[in-house]
Amino acid sequence: MRKFLVVLDDSRECLNAMRFAAMRAASTGGGVEILSVIPPDEFNHWIGVGEMMREESRERIHAHFEVFAKWMRDRQGIDPVLVIREGEPVPEIIAQIEEDPDIGVLVLGAGNDRKGPGPLVSQLSRSSGSLPIPITVVPGDLSKEKLEAIT
């Protein structure tokens, strides 16, 4: 089964990437893998405090994931899988792609403000020629109706 890998973060454009991945998976018989990366700088504290912060980050990720997972199950019939990694986002995304041969497409949401599409889209676009899978970039301001029409 081909899986769509989508990154869960705190950006607004993440929502459209999630929707697109779920709709494409539903229409093609694929699956969705949701990756969340915890940056290492969040835990550069004393050991006990760092462990507590790591656990709080994981709880926040699981809660955020459950919102998307419920929508995917209820609306698209897709049961997504959550993967949490720790490290720098781009290397961890590439590592996940290399470690899971079932991932067929990376889906990223692009921001629409003056800063550009966002750091993940910018950084991964530069190395897209060497990735083993294609990247789909979903504009963050596409309406739900437009997403449904193109998926």
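Residues numbered from 1 in each chain as written. Predicted model: local features only at pLDDT ≥ 70, side-chain atom pairs only at ≥ 80, totals over all residues. Heavy atoms only, no water.

- For the protein chain, the name recorded in an unreviewed UniProt entry is Universal stress protein, with Parasedimentitalea maritima as its organism.

### Structural notes on the overall build of the protein chain
So, step 1. Across its full length, the protein chain carries 5 helices and 5 strands.
So, step 2. Counting helices and strands in the order they occur from the N terminus, the protein chain gives β-α-β-α-β-α-β-α-β-α.
So, step 3. Since a compact globule built from 151 residues should have a radius of gyration of about 15 Å, the 15 Å found for the protein chain is in line with a globular shape.
So, step 4. With the principal axes as the frame, the protein chain shows a C-alpha extent of 50 × 35 × 35 Å.
So, step 5. Counting across all 151 residues of the protein chain, residues that qualify as buried make up 43%.
So, step 6. Summarising the internal contacts of the protein chain: among those between residues at least 6 apart in sequence, 72% fall at separations of at least 24.
So, step 7. Of the roughly 8300 Å² of accessible surface on the protein chain, a fraction of 52% belongs to carbon and sulfur atoms.
So, step 8. Where the 17 positive side-chain charges of the protein chain centre and where its 24 negative ones centre are 8 Å apart. (Helix = DSSP H or I, 4+ residues; strand = E, 2+ residues; numbered from the N terminus. Rg over C-alpha atoms; globule rule 2.2 N^0.38 Å. Buried < 20%, exposed > 50% of the residue type's maximum accessible area, 1.4 Å probe, protein only. Contact = heavy atoms within 4.5 Å. Areas by Shrake-Rupley, 256 points an atom, 1.4 Å probe, with all protein chains shown as cover. Lys, Arg positive; Asp, Glu negative; His and termini not counted. Charge placed at Lys NZ, Arg CZ, Asp CG, Glu CD.)

### Quick word on the packing of helix 3 (residues 89–99) against helix 4 (residues 119–126)
So, step 1. At a closest axis distance of 10 Å, the pairing of helix 3 and helix 4 adopts a crossing angle of 60 degrees. Relative to helix 4, the element helix 3 lies oblique. At the point where helix 3 passes helix 4, the crossing takes the right-handed sense. Only Leu120, Gln123 and Leu124 of helix 4 make contact with helix 3, whose side of the interface consists of Pro89, Val90, Ile93 and Ile94.
So, step 2. Its residues assigned to classes, the contact of helix 3 with helix 4 comprises 6 nonpolar, 1 polar and no charged. (Axes fitted to C-alpha atoms, helices over the stretch in contact; angles between N-to-C directions. Parallel < 35°, antiparallel > 145°, perpendicular 65-115°, else oblique. Left-handed = near helix turned anticlockwise from the far one by under 90°. Nonpolar A, V, L, I, M, F, W, Y, C, P; charged D, E, K, R; others polar.)

### Comments concerning the environment of Gly111
So, step 1. Inspection of the secondary structure puts Gly111 in the loop between strand 4 (103–110) and helix 4.
So, step 2. Separated by 98 residues in sequence, Gly111 and Glu13 place their C-alpha atoms 5.7 Å apart.
So, step 3. With sequence-adjacent residues up to four places away left out, Gly111 is seen in contact with Glu13, Gly116 and Pro117.

### Structural notes on helix 4
So, step 1. Leu120, Val121 and Leu124 are the residues of helix 4 that are buried. Down the axis of helix 4, the sector holding all buried residues measures 95 degrees, keeping them to one side. In helix 4, the exposed positions that point more than 90 degrees away from the buried face belong to Pro119 and Arg126.
So, step 2. Buried-residue contacts for helix 4 involve strand 1 (3–7), helix 3, strand 4 and strand 5 (135–139). (Arc of directions from axis to C-beta.)

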